[in-house]
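Working through the structure, step by step
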Amino acid sequence: MARRNKILVPEARNGLDALKAKVVQAQNPENAKFEAAQEVGVPLNKGYNGQLTSQEAGKVGGRLGGSMVRELVKMAQENMAKNR
């Protein structure tokens, strides 16, 4: 069963989608996970992907989530440096 992360600030959805596309260098945020899957060699398809192992799903999620967190930390550090 797919887990949906609830965004605490719904207005941030567009910004998070744009960040997701940026970290994978995708043109479209909706295609970001497919491009990330292709980069790590996971056969992710549109629709049902029940054949994927937990390890394969984690590779895609880790690629996206980890990259997004790194980028957010970098942005925060830059913002803090500007405000000093």
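Below or above, wherever it landed, is the structure these notes cover. Note that this is a predicted model, so its numbers are computed, not measured. (Residues numbered from 1 in each chain as written. Predicted model: local features only at pLDDT ≥ 70, side-chain atom pairs only at ≥ 80, totals over all residues. Heavy atoms only, no water.)

1. With respect to the pattern of salt bridges
What counts is decided by this rule: What counts as a salt bridge is simple: a side-chain nitrogen of Lys or Arg found within 4 Å of a carboxyl oxygen of Asp or Glu. Going along the chain from the N terminus, every DSSP run of H or I of four or more residues is numbered as a helix, and every run of E of two or more is numbered as a strand. Classification of residues uses two cut-offs on accessible area relative to the type maximum, computed with a 1.4 Å probe and protein chains only: under 20% is buried, over 50% is exposed, and between them is partly exposed.
Inspection of every chain in the model, using the stated rule, returns three salt bridges. Between Asp-17 and Arg-13 there is a salt bridge, and its shortest N-O distance comes to 3.9 Å. Of this pair, Asp-17 and Arg-13 both sit in helix H1 (residues 13–24), separated by four residues, roughly a single helical turn. When its relative accessible area of 39% is taken as the criterion, Arg-13 is described as partly exposed. For Arg-63, the salt bridge goes to Glu-39, with nearest N and O atoms at 2.7 Å. You can see Arg-63 sitting in helix H3 (residues 54–82) and its partner Glu-39 sitting in helix H2 (residues 32–39), a full 24 residues away along the chain. Taking the relative accessible area as the measure of exposure, Glu-39 reaches 47% and is therefore partly exposed.

2. Thoughts on H3
Definition in use: Helix span, as expected, comes to 1.5 Å for every residue beyond the first. In what follows, residue pairs with any heavy atoms lying within 4.5 Å of each other are defined as contacts.
The end-to-end C-alpha distance of H3, which contains 29 residues, comes to 41 Å, matching closely the 42 Å that a straight helix rising 1.5 Å per residue would cover. Of the residues making up H3, those classed as buried are Val-60, Leu-64, Ser-67, Met-68 and Glu-71. Those residues of H3 that are buried are in contact with H1 and H2.

3. Considerations on the packing of H2 against H3
Definition in use: Lines fitted to the C-alpha atoms define the axes, with helices restricted to the stretch that makes contact. Angles between their N-to-C directions range from 0 to 180 degrees. Helix crossings get a hand from a simple test, with the near helix turned counterclockwise from the far one by less than a right angle marking a left-handed crossing and a clockwise turn marking a right-handed one.
Packing of H2 against H3 brings their axes to within 9 Å, and their N-to-C directions diverge by 115 degrees. Here H2 and H3 pass one another in a crossing that is right-handed. Residues Ala-32, Lys-33, Ala-36, Ala-37 and Glu-39 of H2 lie in contact with H3, whose contacting residues are Val-60, Arg-63 and Leu-64.

4. Focus on the side chain of Ser-67
Here is the rule: Contacts described as polar in this section are N or O atom pairs within 3.5 Å, which, within protein, must combine one atom able to donate a hydrogen with one able to accept it, while residues neighboring in sequence count only if both atoms come from side chains.
Examined against the element boundaries, Ser-67 turns out to sit in helix H3. There is a polar contact of 2.7 Å between the side chain of Ser-67 and the backbone oxygen of Arg-63. Excluding residues within four positions of it along the chain, Ser-67 makes contact with Val-23 and Gly-62.

5. Considering the packing of H1 against H3
Rules: Just so you know how the angles are binned, under 35 degrees is roughly parallel, over 145 roughly antiparallel, 65 to 115 roughly perpendicular, and the rest oblique. When residues are sorted by character, Ala, Val, Leu, Ile, Met, Phe, Trp, Tyr, Cys and Pro go into the nonpolar class, Asp, Glu, Lys and Arg into the charged class, and all the rest, Gly among them, into the polar class.
Orientation of H1 relative to H3, taken along the N-to-C sense of each, is 105 degrees, at an axis distance of 9 Å. As the angle between them shows, H1 and H3 are arranged roughly perpendicular. When H1 is examined against H3, the residues Leu-16, Leu-19, Lys-20, Lys-22, Val-23 and Val-24 are found in contact with a partner set consisting of Arg-63, Leu-64, Ser-67, Met-68, Glu-71 and Leu-72. Partitioned by chemical class, the residues of the contact of H1 with H3 number seven nonpolar, one polar and four charged.

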